[in-house]
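Take a look at the letters that make up each chain.
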Amino acid sequence: MHKKKMRILALFGTVMLAGCAVRRYQAVPLVPTESASKLDSRSLADAGLHAYLEKNLAGRSTPWPLRSWDLETLSLAAVYFNPAIEIARARVAETEAAIVTAGARPNPTLSVAPGIPSPYLLSLDFEVPIETAGKREHRIQSARSLDQAARFDLADSAWKIRSGIRTALLNYLLATRSLDLLHSDEQIRTDQVQILTTRFSVGEIPRPEVDLARIELSKAHLTIRTAEGQIADAKAALAAAIGIPVAGLEGFDFTWSDLDSPPNAESLSAGQIQRDAILNRLDVRRSLALYAAAEADLQLEISKQYPDLQIGPGYTYEEKNNFFTVGLSTTLPLLNRNQGPIAEAEARRKEASATFLQKQAQVISESEHALALYTSALKELEEADHSLRALQDTQLQVMQRAVRLGEEDRLALNAVEVESSVVARARLDALARAQTALGELEDAVQRPLDPGDSFPIKPESPALTTQPQEQTR
């Protein structure tokens, strides 16, 4: 009989082990020196980046290496390289696993009680738990809602990266243009000093006029040095926004075809902007997903008022006699009906609702404020454009013609050129404010507003669902 009991125990042990797929631990060590070396070797010429661009540019062929980079291609490069995206992807993988956890059914239990020291006593009990009142479905719904919220977080991370690329690229291109204008102004003021020096040498003007011109020339030299530093800083910021070292940008050009032509205010309806802010903002949609999760959690806590069941057969061997039983057990809800957890879940749902309404009100206010700033900045840019055109198309041309005819001297022309240089820099400042305001308006609705920009961010976007090759190696 003792051997019979051992065979029964061995049989149940074999069944249990056969039904368990055991996963082995795999170590993934982090080696700081190796990761630092990979970061230092990153470049816009990366072969994996080329494949990634080909997948995400909607059939647009990209000769490689791509020499000229625009906002769209740089944004994709940042999504490819920037570690913030990988963090958000890991969170999505975690919520996907949580859905599996929520849908897992409870395992049955087996209890074995051999007789000791008597070999003529053995009890086996097998119980299958049964969840009631749809608890499993509510858990799954909550996990799915949290997964959706994590996907909105992933898309929001991609948008923030794109927004950072836009700001960095704008600053770099504007700094480059500013340096060009400053070099032109330097040449104009150098000519001015030469003209005044000649006039002073023949006694036509006093020395203070020459000294004043030299002071302005010295200021121009200093401003150029400052502008060169700003370009280096802007380039470093662009590299950081992409997620590569500054050396990875060397040898490449950066363009923005519509930089001088931001969309006019008439093309941006206030009603459409507000609608986009309410419906398209990823943080609003995330808040809505979190509310759905809170709703499912409340349903789960309410369903817990109904106890689960445990049902299963039992077997007892005693003194050569076999006994079979069918057991049923449950928890009696006598002392509490889950009132506390239900009240907590109701409070969390109320908090999620208030958070959603607060977020909606916030984005409406942000979109209205951003649109007002952009409209004002556009008017300033239009005025600067008008002033620059009026100066260059009329006054400057008239003065140049007068000099050719001998009606005016070079100093008068130089004065107009200085004025034109000042107005050109003012126009560049106005353009910077307009493009910055446009970027803030795009952030308020989280979609590109420039007709030439096509980089929509959605949770199902290929740029987010396509895993970068560099990350999977």
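Provided above is the structure to which this section pertains.
Residues numbered from 1 in each chain as written. Predicted model: local features only at pLDDT ≥ 70, side-chain atom pairs only at ≥ 80, totals over all residues. Heavy atoms only, no water.

A. Examining the overall build of the protein chain more closely. The number of helices and strands found in the protein chain is 13 helices and 6 strands. Expressed as a percentage of the 473 residues in the protein chain, the buried residues total 38%. Across the protein chain, every contact between residues at least 6 apart in sequence was considered, and the portion connecting residues at least 24 apart equals 78%. As presented, the protein chain carries roughly 26700 Å² of accessible surface, and 56% of it is formed by carbon and sulfur atoms. (Helix = DSSP H or I, 4+ residues; strand = E, 2+ residues; numbered from the N terminus. Buried < 20%, exposed > 50% of the residue type's maximum accessible area, 1.4 Å probe, protein only. Contact = heavy atoms within 4.5 Å. Areas by Shrake-Rupley, 256 points an atom, 1.4 Å probe, with all protein chains shown as cover.)

B. Focus on unusual backbone geometry. Of note, the bond from W64 into P65 is cis; its omega dihedral lies within 30 degrees of zero at 0°. With respect to the helices and strands, the residue P65 is situated in the loop between α3 (47-56) and β1 (68-69). Positive phi is not limited to glycine here, since A133 has a value of about 60°. Tracing the backbone shows A133 in the loop between β3 (121-130) and α6 (135-201). The phi angle at Q446 is positive, at roughly 55°, despite the residue not being glycine.

C. Focus on the packing of aromatic side chains. Under the defined criterion, the tally for this structure stands at 6 aromatic pairs. Ring centres of Y52 and Y80 lie 5.3 Å apart, and the angle between their planes is 45°; this geometry places the pair in the tilted category. Linking Y52 in helix α3 with Y80 in helix α4 (residues 71-81), this pair joins segments that are 28 residues apart in sequence. Under the relative-accessibility criterion, Y52 is labelled buried at 2%. With relative accessibility at 1%, the residue Y80 sits in the buried group. Where Y80 meets F81, the ring centres are 4.8 Å apart and the plane angle is 80°; that geometry is what we call edge-to-face. (Phe/Tyr/Trp six-rings, centres within 6.5 Å; stacked < 30°, edge-to-face > 60°.)

D. Region of the structure containing the nonpolar core. Grouped together as the largest cluster of nonpolar side chains are 75 residues, with contacts concentrated most on L44, W69, L74, L238, I242 and F254. A total of 17 residues in this core trace back to one element, the largest contributor, which is α6. When neighbours within four sequence positions are excluded, L238 is seen to be in contact with L74, I165, A168, L169, L249 and F254. If you look at the next biggest cluster of nonpolar residues, it comprises 8 residues, including L196, I205, L217 and L411. (Core = buried A, V, L, I, M, F, W, Y, C linked by side-chain atoms within 4.5 Å.)

E. Representation of helix α9 (residues 282-303) within the structure. The terminal C-alpha atoms of α9, which comprises 22 residues, lie 32 Å apart, in line with the 32 Å expected from a rise of 1.5 Å per residue. Listed as buried for α9 are L282, D283, V284, S287, A289, A293, A294, A296, L298, L300, E301 and S303. (Expected span 1.5 Å × (residues − 1).)

F. Representation of the sheet that holds β3 within the structure. If you walk across this open sheet you meet the 4 strands as β2-β3-β5-β6, and the pairing is antiparallel. Each end of this open sheet is capped by a strand with a single partner; those strands are β2 (109-114) and β6 (321-330). The average undirected angle you get between the axes of adjacent strands in this sheet is 15°. Bridge count for strand β5 (residues 309-318) against β6 is 10 bridges, and the pairing is antiparallel. From the neighbouring strand, T316 faces β6, where its bridge partner is F323. (Pairing = 2+ DSSP bridges. Axes fitted to C-alpha atoms, helices over the stretch in contact; angles between N-to-C directions.)

G. The packing of α6 against helix α11 (residues 410-445), seen in detail. Remark: α6 packs on α11, axes separated minimally by 10 Å, with the N-to-C direction vectors making an angle of 170°. When the axis of α6 is compared with that of α11, the two are roughly antiparallel. When its residues are assigned to classes, the contact of α6 with α11 shows 15 nonpolar, 8 polar and 12 charged. (Parallel < 35°, antiparallel > 145°, perpendicular 65-115°, else oblique. Nonpolar A, V, L, I, M, F, W, Y, C, P; charged D, E, K, R; others polar.)

H. Highlighting α4. Of all 11 residues making up α4, 11 are buried, and the element is well covered by its neighbours. Among the residues of α4, those classed as buried are L71, E72, T73, L74, S75, L76, A77, A78, V79, Y80 and F81.

I. Region of interest: the environment of L449. Tracing the backbone through its elements, the reader meets L449 in the loop between α11 and α12 (462-465). On the accessibility criterion, L449 (8% relative accessible area) is buried. Each C-alpha atom of the pair L449 and P263 lies 7.5 Å from the other, and the pair is 186 residues apart in sequence. Excluding residues within four positions of it along the chain, L449 makes contact with P263, L268, I273, L438, L441 and E442.

J. Just the packing of α6 against α9, in detail. α9 packs onto α6 with a crossing angle of 165° between their chain directions and a minimal axis gap of 8 Å. Overall, the two elements α6 and α9 adopt an arrangement that is roughly antiparallel. Our pair here, α6 against α9, has a crossing hand that is left-handed. (Left-handed = near helix turned anticlockwise from the far one by under 90°.)

K. A look at a nonpolar patch on the surface. A contiguous nonpolar patch, built from F126, V128, I130, L309, I311, V326 and L328 and spanning about 590 Å² of accessible area, is present on the exposed surface. Going through the elements one at a time, β3, β5 and β6 are the ones with two or more residues in the nonpolar patch. Sorting elements by how many residues they give to the nonpolar patch places β3 first, with 3 residues. (Patch = residues over 30% accessible without salt bridge, like charges linked within 9 Å, V, L, I, M, F, W, Y side chains within 5 Å. Salt bridge = Lys/Arg side-chain N within 4 Å of Asp/Glu carboxyl O.)

L. Here's a closer look at the pattern of salt bridges. In this structure the tally under the stated criterion is 25 salt bridges. Salt-bridge contacts for D260 lead to R177; the nearest nitrogen and oxygen are separated by 2.7 Å. Within this pair, whereas D260 is found in the loop between β4 (253-254) and α8 (270-280), its partner R177 is found in helix α6, the two being separated by 83 residues in sequence. Where R281 meets D283, a salt bridge forms, and the shortest distance between an N and an O atom there is 2.7 Å. Each member of the pair, R281 together with D283, is buried.

Geometry only, nothing functional implied.
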